[in-house]
Amino acid sequence: MSGPTSTPATRAIGIATIVGLIWFVAFGLFLSPDDAVQRKGVRILYIHVPSAWLAYLAFIVTAVSSAAYLWKRTRSLTWDRLAGASAEVGVLFMGITLLTGSLWGRVSWGVYWVWDSRVTTTAFLFVTYLGYLAVRGLGGSHEQRARRSAVVALLAVLEIPLVHFSVEWWRPLHQQESIAKGKLENLMLFSLFVGVIVFTLLYVWLIMHRQRVLAMQDALDDRGLEFAIAERRQEASL
Amino acid sequence: MTSFAVTKLVAAKDLRIELRSRVLINQVLPFAAITMVLFAFALDQDDLLVRVAPGLVWLATLFSMLVVVQRSFAVEAGDGALDALRVAGVPAQGIFFGKAAALAVQLLVLETLLFAAAFVLYSSRFDGAGVFLLITSALAASCGLGLVGTLYGGLTTGTKGRESLLPLLLLPVVAPVLIGATRATEAALGVGRISMQEGWAWVALLVTYALLFGIGGSIGFGPLVDDTA
Amino acid sequence: METGFVVLSYVVTFGGIAILVAAMMRRARSMSARLPPEDQPWT
């Protein structure tokens, strides 16, 4: 797993992550007991719930990094790249959340989708950050990209509570749905807790690498002209 | 020149351009009308149409808004007018509120005609008791739409195929307006099991939305349209 | 039957992550080869 973006820090986190993931899968798929009500379906929740938490964490990091970039005293493209890397991982985790949620719904209620407030808002968040990533791809200088996407990220922070509130008002979570999620036993709470830890390690590992890849991408873009000129000169001297 | 004076000038300019070119009337309105007709083809049941008419009117408004927003910035792009204004030191806030106001006015005209179309095409009924709610909710919704439309329109204007990004960015943002305006309209028209009181609560949401994006947009619009590094 | 859905969710989740990580590492290698060390300050 070692690569050009690895450092002792990422290797340490990477090893911890892999060990954690092995334990997580072993426990989630085999060692943990079936739920009294949901039987095997609860195992999907072990992925679904931590994944949702991490997606939210990732988007918060994006928002904070965006603010850090916009504030003159801490302006640095590293914040911009961190925002981008975190948003990408956030979209990944949000996709996993939606997918596992859908499968869990199929197992528990027989339907792949419900129009309740939680599911709807999650899908909305997913699309919103896809839009953020699209804005990052609009081109221009690194600083233009950084400023543009930072503003978009902060506008997302503004719009998400509005959407959450209006959707919640539109389709309040019904009583029977919260009961259907069941009471969680201690062992399952423990599994979810461990899942959150393992996924957080994975998140940190991913953004450390991804942020460095983005830095290399920016450096390549900056060097692009230099390289082209150097290649031209080489051709000319032959 | 104060921001407020700039706002009035920009709004008047945009509306004057619209009055002379009549793009809204000649192009957007027929598009919205066709959309309303297509809804009827797709949904195929007359009693269902009455029930969902409020939602359809606001959906048609949102889709048409995409065209109106792009038009609002296309009139600037031709001569680089927006950049010229910014370079001349015109406050971005003034431009933002001016264009948002013009956009809101155009949307209100559109909505009025769409509601009239709904009464004709979908046999919506109206008993007068909800007229105040109807007008207030349309005003609040249009203000919100004008503000976010100008904000994201400014972001996606320009070269290299940015305009295709406008729907992806704008439609999720206006979801609360769609929800709120539709519910308030349902209450005003007496459709569905929603009380007038609840309708007014939704209007409160629409006003909050407009306020928040008015503030957020006035701060964010400048950085978004200034393409200098 | 439920087991199928459970296994599917684990396979898609971790398989998907693994594929994306592999793609990212490959890209990192090719970019790193083209860049001088001062552009990679973490090493």
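1. Things to note about the side chain of A:Thr120
Residue and element names in this part refer to chain A.
Then, number 1: Mapped onto the elements, Thr120 comes out in helix α4 (residues 117-136).
Then, number 2: A polar side-chain atom of Thr120 sits 2.7 Å from the main-chain carbonyl oxygen of Asp116.
Then, number 3: Non-local contacts of Thr120, meaning those with residues more than four positions away in its chain, are made with Trp115, Val167 and Trp170.

2. Things to note about the confidence of the model for chain A
Then, number 1: In the predicted model, chain A carries a mean pLDDT of 87, and the fraction of residues at 70 or more is 92%.
Then, number 2: When pLDDT is averaged over each helix and strand of chain A, the minimum, 46, is found for helix α6 (residues 175-180) of chain A and the maximum, 94, for helix α3 (residues 77-109) of chain A.

3. A short note on the pattern of salt bridges
Residue and element names in this part refer to chain A.
Then, number 1: The tally for this structure, following the rule as stated, stands at 13 salt bridges over all chains.
Then, number 2: For Asp218, the salt bridge goes to Arg81, with nearest N and O atoms at 2.7 Å. Pair noted here: Asp218 is in helix α7 (residues 186-237) and Arg81 is in helix α3, with a separation of 137 residues, a long-range link. Of the two residues, Asp218 and Arg81, neither departs from the other in class, the shared state being buried.
Then, number 3: Here the residues in one salt-bridge network are Asp80, Arg81, Arg136, Arg145 and Asp218, joined through shared partners.

4. Remarks on the interface of chain B and chain A
Then, number 1: Each partner contributes residues to the interface: chain B has 27 residues there, and chain A has 24 residues.
Then, number 2: Carbon and sulfur atoms make up 78% of the surface buried where chain B meets chain A, a total of about 2,400 Å² over both sides.
Then, number 3: Where chain B touches chain A, the interface holds zero salt bridges.
Then, number 4: For the pair chain B and chain A, the interface holds three residue pairs in polar contact (both at pLDDT 80 or more).
Then, number 5: Among the elements of the structure, α6 (131-156), α7 (165-173), α8 (175-189) and α9 (196-225) of chain B are those that each provide at least two residues to the side of chain B that touches chain A.

5. Looking at the interface of chain C and chain A
Then, number 1: Listed as interface residues are 28 residues of chain C and, on the opposing side, 42 residues of chain A.
Then, number 2: Of the roughly 3,200 Å² buried where chain C meets chain A, counting both sides, 77% is carbon and sulfur surface.
Then, number 3: Of all residues in chain C, C:Glu2, C:Tyr10 and C:Trp42 give up the largest surface area on contact with chain A, accounting jointly for 23% of the area buried on that side.
Then, number 4: Remark: the boundary between chain C and chain A carries zero salt bridges.
Then, number 5: The tally of links between chain C and chain A comes to three residue pairs in polar contact (both at pLDDT 80 or more).

6. Thoughts on the nonpolar core
Then, number 1: Ranked by size, the top nonpolar core spans 135 residues in total, and within it A:Phe93, A:Tyr129, B:Tyr152 and B:Phe213 carry the most contacts.
Then, number 2: Looking at this core, the element that brings in the most residues is α7(A), giving 16 residues.
Then, number 3: Apart from the residues within four sequence positions on either side, B:Phe213 is in contact with A:Leu155, A:Leu158, A:Glu159, A:Leu162, B:Phe96, B:Leu147, B:Val148, B:Leu151, B:Val173 and B:Ser218.

7. Details of the layout of surface pockets
Then, number 1: Looking at the largest pocket, its volume works out to about 890 Å³.
Then, number 2: Every residue lining the largest pocket is counted, 32 residues in all, and those nearest its centre are A:Trp170, B:Leu178, B:Ile179, B:Thr182 and B:Arg183.
Then, number 3: Residue composition of the lining of the largest pocket, by class: 22 nonpolar, four polar and six charged.

8. Observations regarding the confidence of the model for chain B
Low pLDDT means the predicted atomic positions in that stretch should not be read closely.
Then, number 1: When pLDDT is averaged across chain B, the result is 89; 97% of the residues are at 70 or more.
Then, number 2: What the predictor reports for the complex is a pTM of 0.89 with an ipTM of 0.91.

9. Thoughts on the packing of aromatic side chains
Residue and element names in this part refer to chain A.
Then, number 1: Enumeration according to the criterion identifies 19 aromatic pairs over all chains in this entry.
Then, number 2: Judged by centre distance (3.7 Å) and plane angle (5 degrees), the rings of Phe59 and Tyr129 are stacked. Of this pair, Phe59 sits in helix α2 (residues 42-70) while Tyr129 sits in helix α4, and the two are 70 residues apart along the sequence. Summarising the burial analysis for this pair, Phe59 and Tyr129 share the class buried.

Criteria and thresholds
Residue positions within a chain follow its written sequence, with the count starting from 1. All chains are assigned letters beginning with A, and all ligands numbers beginning with 1, in the order in which they are written. Reporting in this predicted model follows two pLDDT cut-offs: at least 70 for local features of residues, and 80 or more for side-chain atom pairs to be given and counted; totals over whole chains, interfaces and linings ignore these cut-offs and use all residues. Side-chain calculation: all heavy atoms of the structure are included, whereas hydrogens and water are not. Strands are runs of DSSP state E lasting at least two residues, helices are runs of H or I lasting at least four, and both sets are numbered from the N terminus onward. Polar contacts here mean pairs of N or O atoms no more than 3.5 Å apart (in protein, one a potential hydrogen donor and the other a potential acceptor; neighbouring residues in sequence count only if both atoms are side-chain atoms). The contact criterion used is simple: two residues touch if any of their non-hydrogen atoms lie within 4.5 Å. Looking at any residue, its pLDDT shows the predictor's confidence there, from 0 to 100. Each reported salt bridge corresponds to a side-chain nitrogen of Lys or Arg within 4 Å of a carboxyl oxygen of Asp or Glu. Note on classification: 1.4 Å probe, protein chains only; a residue is buried when its accessible area is under 20% of the maximum for its type, exposed when over 50%, partly exposed between these limits. A 1.4 Å probe defines the accessible area here, and the buried area is the portion of it lost by two parts on being joined, summed over both. We define a nonpolar core as any set of buried Ala, Val, Leu, Ile, Met, Phe, Trp, Tyr and Cys residues linked to one another through side-chain atoms lying within 4.5 Å. Site definitions follow a grid-based scheme: protein atoms alone, a 1 Å grid, a 1.4 Å probe that fits but cannot get out for cavities, and for pockets an open set with protein on both sides within 12 Å along at least five of seven lines, plus lining residues having an atom within 4 Å of a point. Grid points are joined across faces, edges and corners, and a volume is the space filled by probe spheres set on the points. In this classification, Asp, Glu, Lys and Arg are treated as charged, Ala, Val, Leu, Ile, Met, Phe, Trp, Tyr, Cys and Pro as nonpolar, and every other residue, Gly included, as polar. Pairing of aromatic side chains here covers Phe, Tyr and the six-membered ring of Trp, requires ring centres within 6.5 Å, and sorts the geometry by plane angle: under 30 degrees stacked, over 60 edge-to-face, intermediate tilted.

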